[in-house]
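Read off the chains here:
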Amino acid sequence: MKKFFVFFLPLLFLFSFTKSKHPYHVGSVEVNYNSKSKSFEITGRFFLDDLENALSKKYGKSLHFNDAKYKNQLDEAIKNYSLDYFKLKNNNQFLKVNYIGYEEDSESVNIYLESEKTECPKKVEAAVSFLYNLFDDQINLVHIIVNGNRKSEKLTYPNRYVFQQF
C-alpha cells in the first residue's frame, strides 16, 4: 500500500496543476431543419470552461458563467461570437442566423440559434469554427438533419467547412 501512495501521490500532485480540466477540446453543433417553421434550428454544445476562455480571449475581458452579474455581458458576447464563428448556406444561398439564447449547467453551455425561413434543403453548407480562436486541436462534431435524415462530420482545426446533400 505504501508503494501505491509513493508512486501515485506525485502523479496526482503533478496533474492537479495542469492547465486544462479535460484532455479533449471538443464541441458539437446540430443543424436541424424544421419543416413546420421552414427554418434551421441550431444547437451548439461546448465545455463551459472552454467557451468562457474563448470569449474572454476574443473580447479581452473576464467573463464568468454561473455568476449572475455577468449574464447580460455573456449574452451579448455569445451572440456576437456565434455570429462570427458560424455561417450557414442552403441551396447556395447564405442564410441570416439569429441568436436565440444560451443555457448553462456546471460543465457545459448550450447555444441556440435559428435561421431565417428557407425552402426545403437539397444542399446545406456550414462554416463552423467555434473555439478555434483558443485551441489548435479543437474538434467540432457537426450533425445536419433534414426530414429525419442525419448526416454527421467531424471538423478538426483548421478545417471549418462542411456540406451535405439531401
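Residues numbered from 1 in each chain as written. Predicted model: local features only at pLDDT ≥ 70, side-chain atom pairs only at ≥ 80, totals over all residues. Heavy atoms only, no water.

**Here we look at the side chain of Asn140**
Alright, step 1. Structurally, Asn140 can be placed in strand 8 (residues 139-146).
Alright, step 2. Within the structure, Asn140 has its side chain in polar contact with the side chain of Gln138 (distance 3.1 Å).
Alright, step 3. Excluding anything up to four places from it in sequence, Asn140 contacts Gly27, Phe46, Val128, Ser129, Phe130, Tyr132, Glu153, Lys154 and Leu155. (Helix = DSSP H or I, 4+ residues; strand = E, 2+ residues; numbered from the N terminus. Polar contact = N/O pair within 3.5 Å; in protein donor to acceptor, adjacent residues only side chain to side chain. Contact = heavy atoms within 4.5 Å.)

**Focus on the side chain of Gln138**
Alright, step 1. Checked against the element boundaries, Gln138 lands in the loop between strand 7 (123-128) and strand 8.
Alright, step 2. For Gln138, a relative accessible area of 0% gives the class buried.
Alright, step 3. Excluding residues within four positions of it along the chain, Gln138 makes contact with His25, Val26, Gly27, Phe130, Leu131, Tyr132, Leu155, Thr156 and Tyr157. (Buried < 20%, exposed > 50% of the residue type's maximum accessible area, 1.4 Å probe, protein only.)

**Section: the confidence of the model for the protein chain**
Alright, step 1. On average, residues of the protein chain score 89 in pLDDT, and 87% of them reach the 70 mark or higher.
Alright, step 2. Considering only residues more than four positions removed or in separate chains, one finds that residues 1-20, a stretch of pLDDT under 50, has three contacts. (pLDDT = per-residue confidence, 0-100.)

**Some thoughts on the nonpolar core**
Alright, step 1. Ranked by internal contacts, the top residues of the largest apolar core, which has 39 residues, are Phe86, Leu88 and Phe130.
Alright, step 2. Looking at this core, the element that brings in the most residues is helix 3 (residues 71-85), giving five residues. (Core = buried A, V, L, I, M, F, W, Y, C linked by side-chain atoms within 4.5 Å.)

**Side note on helix 3**
Alright, step 1. Across its 15 residues, helix 3 extends 21 Å between first and last C-alpha, which sits within 8% of the 21 Å expected from 1.5 Å per residue.
Alright, step 2. Taken together, the buried positions of helix 3 are Leu74, Ala77, Ile78, Tyr81, Ser82 and Tyr85. The buried residues of helix 3 occupy an angular sector of 130 degrees when the element is viewed end-on, so they sit on one face.
Alright, step 3. Buried residues along helix 3 sit against helix 2 (48-59), strand 3 (86-90), strand 5 (97-104), strand 6 (108-115) and strand 7. (Expected span 1.5 Å × (residues − 1). Arc of directions from axis to C-beta.)

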